[in-house]
Amino acid sequence: MTTPSSSAPLVLGIETSCDETGVGIVRGHTLLADAVASSVDEHARFGGVVPEVASRAHLEAMVPTIQRACATAGVSLNDVDAIAVTAGPGLAGALLVGVAAAKSLALGLDKPVYGVNHLAAHVAVDQLEHGPLPDPCLALLVSGGHSSLLRVGDVTGSIEPLGTTIDDAAGEAFDKVARLLGLPFPGGPHIDHAALSGSSVAIDFPRGLSSRRDLERHRFDFSFSGLKTAVARWVQACEDSGDPVPVADVAASFQEAVCDVLTRKAVGAAVSEGIEDILIGGGVAANSRLRVLAEERAAKEGIRVRVPRPSLCTDNGAMVAALGAEMVSRGRDASALDLPADSSMPVEQVLAG
Ligand code: KG4
Ligand code: ZN
């Protein structure tokens, strides 16, 4: 962590793209507060995030979460130099709540507002833990909503997508397979835990987009829906034959298939781009096997791996504030006050409006 500098910009960041209401406050690269209110329990019985439920929860949580962040940071809203907010991508209704809150603050306080890209924020957050980002770096972003490989130069303006999922996101695959195995939502941590007592080579599940033909068109893209179907068929066959499902072995073998593809493609992309630093972010970055395998494979190529601590990997306001602070430090223009919430904001576009 870098030393706080009173000349570094004090930025409040708001995140509402999915089911976490996050409000973070940073000064430059120093994290001062990271308040998060999650509605995940309200979605659990549906097995996935329900957009309208998430939007309502953001509305209820917004003001108390802002107050909590200010109290933790020991700052008043008037001290803040700029407001940053996730403008997209994400759930439209959920994004609107955050964007409306950010505009109100900016207008009321007469401060600039930066409507930023959620994926770039997942990258920028690592600066709060490991200091300035290497330029360039290769980002592997894996969560319930995204699975992307990005070449990142300057995080405030130069992000190039190298690959993405063509169907499910990696976290979504964890959640769906957990459901098949009777594990609670969100399933990632439960699969991770169950896998500890299983064998990763018990079942040879398919590796999506890894055949020679697929690699020609989708070298750095991902696909997890075929894997999910393979697990479903395997579990069904087991149940049909009256055998108990070996949950730990299925979890470990499934997890290995996901982590194998993610790390192979991330390291392959870094090598092909001549990049020496890989940054992993998003909720799936908390996966114990992903981290070990990434470090093992990267080390063989002389590549370093950076992973922020789990609370900074999952959606939070600090990541948005971190990107906002970087925007201010680099003298980027703020967004217009009529900036839109853009549910499908392209990854190359770091700033909205
Ligand atoms: O970044 P995040 O909090 O929210 C989204 O933007 O989706 O990521 C949540 C996702 C869920 O799919 C969850 O199952 C997954 O991250 N996840 C994990 C682990 N912890 C969370 N997946 C695998 N292993 C974990 N330990
Ligand atoms: Zn995210």
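Notes on the structure in this doc start here. Quick caveat: nothing in here was measured; it's all calculated off a predicted structure.

## Overview of helix 10 (residues 247-273)
Part 1 of the argument: For helix 10, spanning 27 residues, the distance from its first C-alpha to its last is 39 Å, which sits close to the expected 39 Å at 1.5 Å a residue.
Part 2 of the argument: Counting buried positions along helix 10 yields 20 of 27 residues, so the element is predominantly enclosed.
Part 3 of the argument: Looking at the residues trailing helix 10, positive phi occurs at Gly 274, about 70 degrees.

## Overview of helix 2 (residues 51-73)
Since one α-helical turn is 3.6 residues long, residues separated by three or four positions face the same way.
Part 1 of the argument: Ala 61 marks where helix 2 bends most, by close to 45 degrees; the proline Pro 64 follows one to four residues later.
Part 2 of the argument: Buried residues of helix 2: Val 53, Ala 54, Ser 55, Ala 57, His 58, Ala 61, Met 62, Thr 65, Ile 66, Ala 69, Cys 70 and Ala 73, and no others.
Part 3 of the argument: Those residues of helix 2 hidden inside the fold are in contact with strand 1 (10-15), strand 2 (20-27), strand 3 (30-38), helix 1 (40-43) and helix 3 (92-109).
Part 4 of the argument: At the exit of helix 2 stands Gly 74, carrying a positive phi of roughly 70 degrees.

## Let's talk about the coordination of the zinc ion (ligand 2)
Octahedral metals with six donors have ideal donor angles of 90 or 180 degrees. Tetrahedral metals with four donors have an ideal donor angle of 109.5 degrees.
Part 1 of the argument: Coordination of the zinc ion (ligand 2) by the protein comes from His 118 (NE2), His 122 (NE2), His 146 (NE2) and Asp 315 (OD), over a distance range of 2.1 to 2.7 Å.
Part 2 of the argument: For the zinc ion (ligand 2), the 4 donor atoms are set out with angles of 86 to 165 degrees between them, so the coordination reads as irregular.
Part 3 of the argument: All donors of the zinc ion (ligand 2) belong to a single chain; written as a sequence motif, their spacing is H-x3-H-x23-H-x168-D. Of this pair, His 118 sits in helix 4 (residues 118-124) while His 146 sits in the loop between strand 6 (137-142) and strand 7 (147-152), and the two are 28 residues apart along the sequence. Each member of the pair, His 118 together with His 146, is buried.

## Some remarks on the pattern of salt bridges
Part 1 of the argument: Overall, the coordinates contain 15 salt bridges when judged by the stated rule.
Part 2 of the argument: For the salt bridge of Arg 264 with Asp 260, the shortest nitrogen-to-oxygen distance reads 3.0 Å. On the criterion of helical spacing, the pair formed by Arg 264 and Asp 260 is a turn pair, its members being 4 residues apart in helix 10.
Part 3 of the argument: Take Asp 260: its relative accessible area is 9%, and that puts it in the buried class.

## Topic: the pairing of strand 6
Part 1 of the argument: The buried count for strand 6 comes to 6 of 6 residues, which makes it a mostly enclosed element.
Part 2 of the argument: The alternating pattern of strand 6 places Cys 137, Ala 139 and Leu 141 on one face and Leu 138, Leu 140 and Val 142 on the opposite face, and all of these are buried.
Part 3 of the argument: The sheet contact formed by strand 6 and strand 7 spans 6 bridges and is antiparallel. Looking at the pairing, Leu 141 lines up with Ser 148 of strand 7.
Part 4 of the argument: Connecting strand 6 to the antiparallel partner strand 7 that follows it, the hairpin turn spans 4 residues.
Part 5 of the argument: Here 4 bridges tie strand 6 to strand 9 (residues 277-281), and the two strands are oriented parallel to one another. Looking across to strand 9, one finds that Ala 139 is bridged to Leu 279.

## Looking at the sheet that holds strand 4 (residues 82-88)
Part 1 of the argument: A sheet is described by the order of its strands in space; here 6 strands give the open sequence 3-2-1-4-5-11, paired in mixed fashion. Whereas interior strands pair on both sides, the edge strands pair on one side only; in this sheet they are strand 3 and strand 11 (351-352).
Part 2 of the argument: Relative to strand 2, strand 1 runs antiparallel, the two sharing 6 bridges. Directly across from Leu 10, in strand 2, lies its bridge partner Arg 27.
Part 3 of the argument: Against the sheet, helix 3 contacts strand 1, strand 4 and strand 5 (113-117), and its axis sits at roughly 160 degrees relative to strand 4.
Part 4 of the argument: Along the sheet face, helix 13 (residues 317-329) touches strand 1, strand 2, strand 3, strand 4, strand 5 and strand 11 and points at about 135 degrees away from the line of strand 1.

Calculation rules
Residues numbered from 1 in each chain as written. Chains lettered and ligands numbered in written order. Predicted model: local features only at pLDDT ≥ 70, side-chain atom pairs only at ≥ 80, totals over all residues. Heavy atoms only, no water. Helix = DSSP H or I, 4+ residues; strand = E, 2+ residues; numbered from the N terminus. Expected span 1.5 Å × (residues − 1). Buried < 20%, exposed > 50% of the residue type's maximum accessible area, 1.4 Å probe, protein only. Bend = angle between axes of the 7 residues up to and from the residue. Contact = heavy atoms within 4.5 Å. Donors = N, O, S within 2.8 Å, 3.2 Å for Na, K, Ca; no water. Tetrahedral: all angles 85-135°; square planar, octahedral: opposite > 155°, others 65-115°. Salt bridge = Lys/Arg side-chain N within 4 Å of Asp/Glu carboxyl O. Pairing = 2+ DSSP bridges. Axes fitted to C-alpha atoms, helices over the stretch in contact; angles between N-to-C directions.

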